[in-house]
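# Analysis of the macromolecular model
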Amino acid sequence: YKIYIINEGEKMTVQAQNALLKTLEEPPAYAFFVLTTSRPDTLLQTVRSRCTKFALAPQGEADGTDAAEAVSLLAPYLEAIAARREDRMMLAALALEKTPRRALIGVLGVLQSALRDAVFAAKGLPQSPIEGALRQQTQKLAQTVGADRLLRLYDFTGVLIGRVSRNAAAAAVTNALTADAWRICFL
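Residues numbered from 1 in each chain as written. Predicted model: local features only at pLDDT ≥ 70, side-chain atom pairs only at ≥ 80, totals over all residues. Heavy atoms only, no water.

Below, the discussion takes up the environment of Arg101. Looking at where Arg101 falls in the secondary structure, it is placed in helix H5 (residues 101-122). Placed 71 residues apart in sequence, Arg101 and Ala172 show a C-alpha to C-alpha distance of 13 Å. When near neighbours in sequence (up to four residues on either side) are disregarded, Arg101 contacts Val164, Asn167 and Ala168. A polar atom in the side chain of Arg101 sits 3.3 Å from the backbone oxygen of Val164. (Helix = DSSP H or I, 4+ residues; strand = E, 2+ residues; numbered from the N terminus. Contact = heavy atoms within 4.5 Å. Polar contact = N/O pair within 3.5 Å; in protein donor to acceptor, adjacent residues only side chain to side chain.)

Here it is in structure tokens:
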């Protein structure tokens, strides 16, 4: 396959967009086209309708939160799971309710990384250095919850990220982080 990247699509003239349109309508089987733009509304509607859209934020702005903030939100949650304390899980999850949507997606991504590290620890594999700040919590979690259940919780966290991306209410996410996570880990 060949991948063609067209940067700053908003700078294309109407004539250039019309020329591209024919190729987008009948692309060669060996090619993929990536059209980037910071202002999609400047592209012709006919061009936009033939593209699959992915809204991406610049690196560092994607989640709206920093790693230290995510760790401070997640450490009590992971500790509550490891301690088998559903009440503390709920309190820790409630702290996430006021987190803005984009930041919540980032926090849930950090949670997935921590769960991955817990699976590694449960299997006796070396942990990645990515979530070193949560290493103590992931070690305790690996001692309390089996690797198969941690993997199910990891997958469920991915489902939650999808729900948040589609505008799920923060209360629904909090409830899921408590009731559904408890069910996955311990029932």
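Turning to helix H1 (residues 14-25), a few remarks are in order. With twelve residues, H1 extends 16 Å from end C-alpha to end C-alpha; this agrees with the ideal 16 Å at 1.5 Å per step. Taken as a whole, H1 has its buried residues at Gln17, Leu20, Leu21 and Leu24. Relative to the axis of H1, the buried residues are bounded by an arc of 120° and lie together on one face. Residues Gln15 and Ala19 are exposed on H1 and point more than 90 degrees away from its buried face. (Expected span 1.5 Å × (residues − 1). Buried < 20%, exposed > 50% of the residue type's maximum accessible area, 1.4 Å probe, protein only. Arc of directions from axis to C-beta.)

Bringing the confidence of the model for the protein into the picture now. The predicted coordinates ought not to be read in detail in places where the model reports low pLDDT. Summarising the model, the protein shows a mean pLDDT of 85, and 91% of its residues fall at 70 or more. When mean pLDDT is compared element by element in the protein, helix H4 (residues 86-94) scores highest at 92, while strand S2 (residues 31-35) scores lowest at 87. Scored below 50 in pLDDT, residues 58-64 makes eight contacts in the model with residues more than four places away or belonging to other chains. (pLDDT = per-residue confidence, 0-100.)

Looking at chain direction, strand S1 (residues 2-6) and S2 are connected through five bridges and run parallel. In the strand pairing of S2, Lys2 is matched with Ala31. Traced from S1 through H1 to S2, the parallel crossover comes out right-handed. (Pairing = 2+ DSSP bridges. Right-handed = clockwise from strand over helix to strand, strands pointing away.)

The subject of this paragraph is the packing of aromatic side chains. According to the stated counting rule, one finds three aromatic pairs in the structure shown. Judged by centre distance (5.2 Å) and plane angle (20°), the ring pair of Tyr4 and Phe33 falls under stacked. Separated by 29 residues along the polypeptide, Tyr4 in strand S1 and Phe33 in strand S2 bring together distant segments of the chain. Classification of Tyr4 as partly exposed rests on a relative accessible area of 33%. (Phe/Tyr/Trp six-rings, centres within 6.5 Å; stacked < 30°, edge-to-face > 60°.)

With respect to the secondary-structure elements, Thr13 resides in the loop between S1 and H1. Along the sequence, Thr13 and Thr42 sit 29 residues apart, while their C-alpha atoms lie 9.8 Å from each other.

Attention now moves to a nonpolar patch on the surface. A cluster of nonpolar side chains, namely Tyr1, Ile3, Tyr4, Ile5, Tyr30, Phe32 and Val34, defines an oily patch on the protein surface of about 810 Å² accessible area. At the level of secondary structure, the elements contributing two or more residues to the nonpolar patch comprise S1 and S2. Among the elements that make up the nonpolar patch, the one with the highest residue count is S1 (three residues). You can see Ile3 is positioned in strand S1. (Patch = residues over 30% accessible without salt bridge, like charges linked within 9 Å, V, L, I, M, F, W, Y side chains within 5 Å. Areas by Shrake-Rupley, 256 points an atom, 1.4 Å probe, with all protein chains shown as cover. Salt bridge = Lys/Arg side-chain N within 4 Å of Asp/Glu carboxyl O.)

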